[in-house]
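# Structural characterization, general
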Amino acid sequence: MEMNMDPVAQELMLAFRHFGRASWQQHRAMEGGKSSEIMTLFCIRKHTQPGSMGMKVSEISGLLQVTSPTVTQLINSLEEQGLVERTMDPSDRRAVRVRLTAKGEEAAGKRAVTISALFNGLVAHLGEEESRQLAGLLNKSCAYFSERSAAAAAEKNTREEGEKL
């Protein structure tokens, strides 16, 4: 299959490929933990009030915009590492609450410092204006790909419905 791609589109495609392989992601992996686990730690840390029982899995899944079974797998892994603990909700015995352990607080804090330093360094490298432009362009690009994905899913559903008739 021959690609008939505009040179600017090729440049964008290469930039996205390079960005996907960027060393900031490798740096994150060296710090330990999967990005999904780190995001889960940050979510629990940010949305748990001091002294509270913690968060429900459904609350975490809503904030992270992933399914509850996905969050349950993440929590299982984090619990095995000693980073979170589960407790039964005294007001609803069917509900389980999740909160960070002291080790989880420490790990989330260290990762937050590392990530902040990394991106503060990027702002220093690019400058504030280019950093804002980059953030805006990345957000706009994500919106484009999300819209394309939603349109493709809708087209597929329409096609499948037509085939059933």
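Refer to the structure above for everything that follows.
These numbers were taken from a predicted model, which means no experiment stands behind them.

## Description of the overall build of the chain
Helix and strand counts for the chain come out as seven helices and three strands. Listing every helix and strand of the chain by position from the N terminus yields α-α-α-β-α-α-β-β-α-α. Projected onto its principal axes, the C-alpha positions of the chain cover 60 × 60 × 25 Å. Put simply, the chain has 165 residues, and 19% of those count as buried. Considering only intrachain contacts with a sequence separation of at least 6, the fraction spanning at least 24 residues in the chain is 50%. Considering the chain, the positive charge centre built from 21 side chains and the negative charge centre built from 21 side chains are found 6 Å apart.

## Quick word on the packing of helix 3 (residues 35-47) against helix 6 (residues 102-126)
Two elements in contact, helix 3 and helix 6, have axes separated by 10 Å at closest approach and are oriented at 110°. On the basis of the axis angle, helix 3 is roughly perpendicular to helix 6. Here helix 3 contributes Ile38, Leu41, Phe42 and Arg45 to the contact with helix 6, which in turn contributes Glu105, Ala108, Gly109, Arg111, Ala112 and Ile115. Considering only residue class, the contact of helix 3 with helix 6 consists of six nonpolar, one polar and three charged.

## Let's talk about the packing of helix 6 against helix 7 (residues 128-164)
Angle between the axes and distance between the axes: these two values describe a pair of packed helices. It is at 6 Å that the axes of helix 6 and helix 7 come closest, and there the two elements cross at 115°. Crossing angle aside, the handedness with which helix 6 passes helix 7 is right-handed. Note on element contacts: helix 7 touches helix 6 through Glu128, Glu130, Ser131 and Leu134, opposite Leu122, Val123 and Leu126.

## A look at helix 6
Since the α-helix packs 3.6 residues into each turn, any two residues three or four apart lie on the same face. Over its 25 residues, helix 6 runs 36 Å from end to end, which matches the ideal 36 Å to within 8%, given 1.5 Å per residue. Every buried residue of helix 6 is listed here: Gly104, Ala107, Ala108, Gly109 and Arg111. Among the residues trailing helix 6, glycine 127 stands out with phi positive, at a value near 95°.

Conventions adopted
- Within any chain, residue numbers begin from 1 and follow the written order of that chain's sequence.
- With the structure being a predicted model, the display of local features is reserved for residues of pLDDT at least 70 and the display and counting of side-chain atom pairs for 80 or more, all residues being used for whole-chain, interface and lining totals.
- Side-chain measures were taken over the full set of non-hydrogen atoms in the model, leaving aside hydrogen atoms and water.
- Note on conventions: DSSP H or I runs of at least 4 residues are helices, E runs of at least 2 residues are strands, and numbering of each starts at the N terminus.
- Remark: exposure states derive from per-residue accessible area (1.4 Å probe, protein chains only) relative to the maximum for the residue type, with buried under 20%, exposed over 50%, and partly exposed in between.
- Throughout, a residue-residue contact means that at least one pair of heavy atoms, one from each residue, lies within 4.5 Å.
- Charge counting follows a simple rule: Lys and Arg are positive, Asp and Glu are negative, and His as well as the terminal groups are ignored.
- Lysine's charge is taken at NZ, arginine's at CZ, aspartate's at CG and glutamate's at CD.
- Between N-to-C directions, angles cover 0 to 180 degrees, with each direction set by a line fitted to C-alpha atoms, over the stretch in contact for helices.
- Small angles under 35 degrees read as roughly parallel and large ones over 145 as roughly antiparallel, with 65 to 115 read as roughly perpendicular and the rest as oblique.
- Classification used: nonpolar for Ala, Val, Leu, Ile, Met, Phe, Trp, Tyr, Cys and Pro, charged for Asp, Glu, Lys and Arg, polar for all others including Gly.
- Working rule for handedness: look at the near helix, and if it is turned counterclockwise from the far one by less than a right angle, call the crossing left-handed; if clockwise, right-handed.
- For a helix, the expected span equals 1.5 Å multiplied by the number of residues minus one.

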